[in-house]
Amino acid sequence: MRASGLRRLPLLVLVLLAVAAAAAGSGEHDFRRDFEVVWGEGNARFRDGGRQVELSLDTRTGARLQSKQRYLFGRFDIDIKLVPGESAGTITSFYICTGGARHDEVDFEFLGNTSGDPYLLHTNIFSDGKGEREQQFVLWFDPTESFHTYSILWNPHNIILYIDGVPIRVFRNNAARGVPFPAAQPVHVFASIWDAEDWATQGGRVKTDWAKAPFVVAYRRYNVSNACVWDEEHGRARCPAATAGGGRGRRRREAAWMAQKMDWWSWMTLSWVRMNYMVYDYCDDQRRFPDGSPPECVIPIGRA
């Protein structure tokens, strides 16, 4: 869909962003060490010494991983290769979530489709228990042919979602204007595949074809080296810090990601994604919000 829009960004730029994203996700990781299988244990297969995991959905169950540690702010990167071929009715996800009635959550959810049709990327952001902030996209590549890097940057200023280093969504901290922003509750990181045939594909009109099961998704290159680990014993976050100076004059300073915001080029790239690949934005849905858009929608998106 709108594939010609891809030509509007230089190919070299996309290649450079993808290379940078791959480098960012190259930290040491071990899914077997860093995650628990909290659902569908028999449908999680660890490969390459724990550096890759495959989650499957069959007629019995799907599978879900949950990080053993919790985090308060961070950049979370993971490579995903989605279910190939027929995937209608399935949802593959990568998300962070606090749990609880007033939970905070940031979602990447990939809605499966019939063979030959594109995946739909469904994103949502919950703050203080309130969601309904859906934005949906088609992708400018086939996410089943190879791995791509999906990232969530969460700091006190904003939440930014990336694909291969390309920003696709931003949610700014507008708490001062009455819009709750996740800033106090630590999150777990999750990865899962599950059956949602009642709504996932064409609003539930296309059901899961169980003759094509099992449906298998692969994850690799999980990286949380730029994230603040929640200290369960002392109830506070421990954040990685950069250093400045040399020798005895070295001093700790706040890591760059903790202060990262959208720069000019990021806003231009985000605009390109919105124009060419966004297919739904809750802010524009007058049937859902006949009395006016939610408050964050009327605040200029680029406003500090």
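The name that an unreviewed UniProt entry assigns to the protein is Xyloglucan endotransglucosylase/hydrolase, with the source organism given as Urochloa decumbens. Here is the UniProt Function (unreviewed entry) comment for the protein, exactly as written: "Catalyzes xyloglucan endohydrolysis (XEH) and/or endotransglycosylation (XET). Cleaves and religates xyloglucan polymers, an essential constituent of the primary cell wall, and thereby participates in cell wall construction of growing tissues." The record in UniProt for the protein states the following under Sequence similarities (unreviewed entry): "Belongs to the glycosyl hydrolase 16 family."

**Student:** Give me the lowdown on the overall build of the protein, citing residues and values where you can.
**Tutor:** Each helix and strand counted, the protein has four helices and 19 strands in total. Put simply, of all contacts in the protein between residues at least 6 apart along the chain, 68% involve residues at least 24 apart.

**Student:** Explain the UniProt feature "active site" (unreviewed entry) in the protein residue by residue, including any values.
**Tutor:** Per the UniProt entry, the sites bearing "active site" (unreviewed entry) are E105 and E109 in this numbering. Setting aside its immediate chain neighbours within four residues, E105 contacts Y95, I96, C97, N124, I125 and F126. Of note is the side chain of E105, whose polar atom sits 3.2 Å from the side chain of H103. With respect to the helices and strands, E109 occurs in strand β7 (residues 105-111). Once you skip the residues sitting within four places of it in the chain, E109 turns out to touch I91, T92, S93, L120, L121, H122, W194 and W199.

**Student:** So what's going on with the sheet that holds β7? Residues and values would help.
**Tutor:** Strand order across the open sheet formed by eight strands is β1-β4-β13-β6-β7-β8-β9-β19, with antiparallel pairing between neighbours. Since the sheet does not close on itself, it has two edges, and those belong to β1 (35-39) and β19 (278-281), each with one partner. When the angles between neighbouring strand axes are averaged without regard to direction, this sheet yields 15 degrees. Pairing geometry for β7 and strand β8 (residues 120-126), over seven bridges, is antiparallel. Among the inter-strand pairings, V106 is bridged to a residue of β8, identified as I125. Contacts between helix α3 (residues 264-277) and the sheet are confined to β9 (135-137) and β19, with β19 contributing the most and set at about 95 degrees to the helix.

**Student:** Before we move on, could you go through α3 and cite the residues and values that matter?
**Tutor:** Taking 1.5 Å as the rise per residue, α3 with 14 residues should run 20 Å; its terminal C-alpha atoms sit 20 Å apart, in good agreement. Inspection of α3 places S266, W267, T269, L270, W272, V273, N276 and Y277 among the buried residues, and these make up the whole buried set. At its buried positions, α3 is contacted by β9, β12 (166-172) and β19.

**Student:** For the packing of aromatic side chains, give the residues involved together with the corresponding values.
**Tutor:** Aromatic ring pairs are described here by two measures, namely the spacing of the ring centres and the angle between the planes. The full count for this structure, using the stated rule, is 17 aromatic pairs. With a centroid separation of 6.1 Å and 65 degrees between ring planes, the pair formed by W210 and F215 is classed as edge-to-face. For W210, a relative accessible area of 28% translates into the label partly exposed. Here F215 falls in the buried class, since its relative accessible area comes to 1%. Residues W272 and Y277 carry aromatic rings whose centres are separated by 5.5 Å and whose planes lie at 70 degrees to one another, so their mutual orientation is edge-to-face. For the residue pair W272 and Y277, the accessibility class agrees, reading buried in each case. Linked through ring pairs, F94, F108, F110 and Y150 together constitute an aromatic cluster.

**Student:** Run through the state of the cysteines, naming residues and quoting values.
**Tutor:** Disulfides are covalent bonds that connect the sulfur atoms of two cysteines. As enumerated under the stated definition, the model contains two disulfides in all. The disulfide partner of C228 is C239, and the gap between their sulfur atoms is 2.1 Å. When the S-S torsion is 110 degrees, as for the bridge of C228 with C239, the disulfide is right-handed. Here C239 lies in the loop between β16 (236-238) and β17 (241-244) and C228 lies in strand β15 (residues 227-231), a separation of 11 residues in the sequence. Given the relative accessible area of 0%, C228 is considered buried. Judged by its relative accessible area of 33%, C239 is partly exposed. Here C283 connects covalently by a disulfide to C297, the sulfurs 2.0 Å from one another.

**Student:** Now, about the pattern of salt bridges: what can you tell me, with residues and values included?
**Tutor:** Under the criterion given, the structure shown has 15 salt bridges. Where E54 meets R47, a salt bridge forms, and the shortest distance between an N and an O atom there is 3.1 Å. The exposure class assigned to R47 is partly exposed, which follows from its relative accessible area of 38%. Salt bridges sharing partners connect three or more residues here, namely R45, R47 and E54.

**Student:** Describe in detail the environment of G40, supporting the description with residues and values.
**Tutor:** With respect to the secondary-structure elements, G40 resides in the loop between β1 and β2 (44-47). In this structure G40 comes out as buried when scored by relative accessible area, which is 16%. Once residues lying within four places of it in the same chain are set aside, the contact partners of G40 are T61, G62 and A63.

**Student:** Go over the environment of V170, please, and point to the residues and values.
**Tutor:** Relative to the assigned elements, V170 resides in strand β12. Through-space distance from the C-alpha of V170 to that of K261 is 9.5 Å; in sequence the pair is 91 residues apart.

Definitions and limits used
- Residues numbered from 1 in each chain as written.
- Predicted model: local features only at pLDDT ≥ 70, side-chain atom pairs only at ≥ 80, totals over all residues.
- Heavy atoms only, no water.
- UniProt positions renumbered as here; feature names shortened; annotations may be inferred.
- Helix = DSSP H or I, 4+ residues; strand = E, 2+ residues; numbered from the N terminus.
- Contact = heavy atoms within 4.5 Å.
- Polar contact = N/O pair within 3.5 Å; in protein donor to acceptor, adjacent residues only side chain to side chain.
- Pairing = 2+ DSSP bridges.
- Axes fitted to C-alpha atoms, helices over the stretch in contact; angles between N-to-C directions.
- Expected span 1.5 Å × (residues − 1).
- Buried < 20%, exposed > 50% of the residue type's maximum accessible area, 1.4 Å probe, protein only.
- Phe/Tyr/Trp six-rings, centres within 6.5 Å; stacked < 30°, edge-to-face > 60°.
- Disulfide = S-S within 2.5 Å.
- Salt bridge = Lys/Arg side-chain N within 4 Å of Asp/Glu carboxyl O.

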